[in-house]
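One-letter residues, chain by chain:
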Amino acid sequence: MKYSKIIEEMRTVRDYKEEPVSSALIEEVIETGKSAAGIADGRNVSILFIDHGKEVFEQLSGKAGYFGKMIEAPHYIVITSKIFPNYLENSGYIMELMRLKARELGLGTCWLSIADEITLKEILAIEGEEKITAFAAIGHSYKGIFKNDLSKQSSRMGLEEIGFLNRWGSPCTLEDLEARGLANVFYHTRLAPSWGNRQPWQFIIDKDRILLTIQKEEREDLRLDAGIVMLYFEKAAHDDGLSGSWSLDVPEDMKETYGVPDDHHLIGYYSI
C-alpha cells in the first residue's frame, strides 16, 4: 500500500448504504489491525467486529457518536485494551491503520466518540476489565442525489505551523523542512484527523530525531489523536525512504532539554 496516496484521499464518511460489506473485505481490514505492531504491545489489544449495525445504532443514541450524533452504518469496529503506558496512543494508531486499509478497499469509515462506556460495553456484550478505547463505523459510502457531501477533508494547519526547529518556540520554515528532506513527510502528517479537527500536536525537529508533543486536556481520550498522527508520520516517512520508528521511552530530562511547556505532553520521538 502506498500510504501517502491513501492519506491524501482519506475522508470521514457519515452516510452508508444498508447493504453489508463482504466478509472477505472485513477480514482484510480486521487482519490489518491484528497484525499491526502498533506503537506498544499489540497483545494487550482486542479488535471486535459488530455486524448487526442497525440494532446497535438504535441502542446507542446518546451514548456514542460523531459530535454526539450516532452514525447509522451496517457494521462497527471496536478496540478494547488493557491499561498500560500509551494504551490510548496505541489504540488510535491501530484503528486509524484499519481505516486507511478500509479506504484502500473502497470502504467508508467514521470515528465515533464514546459518551457512556459502561452502557456501550453492556450493549456490545463486552466483559472483563479492558477499556473500550476506539469505536468506528464502517460500510459502503452512500452518495445519493439528495445527500449533501459531508465527506470533504477538513482544513489543516500549514507546514510552518506544525513544528519547531531544535527547540520549542524556535520557528521551523518550509526551507528548513526541505533541507532535511521532511517537507513531503510533514505535508502528509498534517492531514491526520483529530477530535474536532483541533490538531493538538506540535513537533520539534532536531538533527536525527523528531519529537511529538500534544496538548494536555481534561479528556484523556484525546491522546488517541497522538497515535493517529504518529501513524501518519511513520507511513509518510517510510514512503519517502526514511526508515525509522517511534520510541515512547522518553528520558526524564528530555522535556526540559527541548523546552516543552507544562501544558503539553512529550509523547515520544522518531529516530531517523
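Residues numbered from 1 in each chain as written. Predicted model: local features only at pLDDT ≥ 70, side-chain atom pairs only at ≥ 80, totals over all residues. Heavy atoms only, no water.

## As for the sheet that holds strand E8 (residues 201–205)
Next up, step 1: With mixed pairing, five strands are arranged side by side in an open sheet as E7-E8-E9-E11-E10. The sheet is open, and its two borders are formed by strand E7 (163–165) and strand E10 (245–247), each paired with just one other strand. The mean inter-strand angle of the sheet, taken between neighbouring strand axes irrespective of direction, is 25 degrees. (Pairing = 2+ DSSP bridges. Helix = DSSP H or I, 4+ residues; strand = E, 2+ residues; numbered from the N terminus. Axes fitted to C-alpha atoms, helices over the stretch in contact; angles between N-to-C directions.)

## Let's talk about helix H4 (residues 87–104)
Next up, step 1: End to end, H4 covers 26 Å across 18 residues, agreeing with the expected 26 Å (1.5 Å per residue, within 8%).
Next up, step 2: With respect to burial, H4 is a largely interior element, 16 of its 18 residues being buried.
Next up, step 3: At the C-terminal side of H4, glycine 106 shows a positive phi close to 85 degrees. (Expected span 1.5 Å × (residues − 1). Buried < 20%, exposed > 50% of the residue type's maximum accessible area, 1.4 Å probe, protein only.)

## What about the pattern of salt bridges?
Next up, step 1: Evaluated as defined, the whole model comprises nine salt bridges.
Next up, step 2: Lysine 101 is the salt-bridge partner of glutamate 28, the closest N and O atoms lying 3.8 Å from each other. Residue glutamate 28 is found in helix H2 (residues 23–34), and its partner lysine 101 is found in helix H4; the two are separated by 73 residues along the sequence.
Next up, step 3: Of the charged contacts in the structure, one is a salt bridge between glutamate 72 and lysine 54, with a shortest N-O distance of 3.8 Å. Within this pair, whereas glutamate 72 is found in the loop between strand E2 (64–65) and strand E3 (75–81), its partner lysine 54 is found in helix H3 (residues 53–59), the two being separated by 18 residues in sequence.
Next up, step 4: Residue classification places lysine 54 among the exposed positions, given a relative accessible area of 54%.
Next up, step 5: Residues joined in a network through salt bridges with shared partners are Glu28, Lys101 and Glu104. (Salt bridge = Lys/Arg side-chain N within 4 Å of Asp/Glu carboxyl O.)

## Focus: the packing of H2 against H4
Next up, step 1: It is the contact of H2 with H4, at a shortest axis distance of 8 Å, that shows an interaxial angle of 150 degrees. Judged by the twist between their axes, the crossing of H2 over H4 is right-handed. Contacts between H2 and H4 involve Glu28, Val29, Ile30, Thr32 and Gly33 from the first element and Ile94, Leu97, Met98, Lys101 and Ala102 from the second.
Next up, step 2: Taken together, the residues of the contact of H2 with H4 sort by class into six nonpolar, two polar and two charged. (Left-handed = near helix turned anticlockwise from the far one by under 90°. Contact = heavy atoms within 4.5 Å. Nonpolar A, V, L, I, M, F, W, Y, C, P; charged D, E, K, R; others polar.)

## Points about a negative patch on the surface
Next up, step 1: Together, Glu160, Glu161, Glu175 and Glu178 make up a region of like negative charge exposed at the surface.
Next up, step 2: Within the element layout of this structure, glutamate 161 appears in the loop between strand E6 (131–139) and E7. (Patch = residues over 30% accessible without salt bridge, like charges linked within 9 Å, V, L, I, M, F, W, Y side chains within 5 Å. Areas by Shrake-Rupley, 256 points an atom, 1.4 Å probe, with all protein chains shown as cover. Lys, Arg positive; Asp, Glu negative; His and termini not counted. Charge placed at Lys NZ, Arg CZ, Asp CG, Glu CD.)

## Notes on the nonpolar core
Next up, step 1: Grouped together as the largest cluster of nonpolar side chains are 61 residues, with contacts concentrated most on Met98, Phe186, Phe203, Ile205, Leu212 and Phe233.
Next up, step 2: When residues in this core are grouped by element, the largest group, ten residues, is from helix H8 (residues 224–239).
Next up, step 3: Leave out the neighbours within four places in its chain, and phenylalanine 203 touches Ile162, Gly163, Phe164, Phe186, Thr189, Ile210, Leu211, Leu212, Val229, Phe233 and Trp246.
Next up, step 4: Within the second largest apolar cluster, 20 residues are counted, among which are Ile50, Leu112, Ile123 and Ile126. (Core = buried A, V, L, I, M, F, W, Y, C linked by side-chain atoms within 4.5 Å.)

Keep in mind that these numbers describe shape and distance, not what the molecule does.
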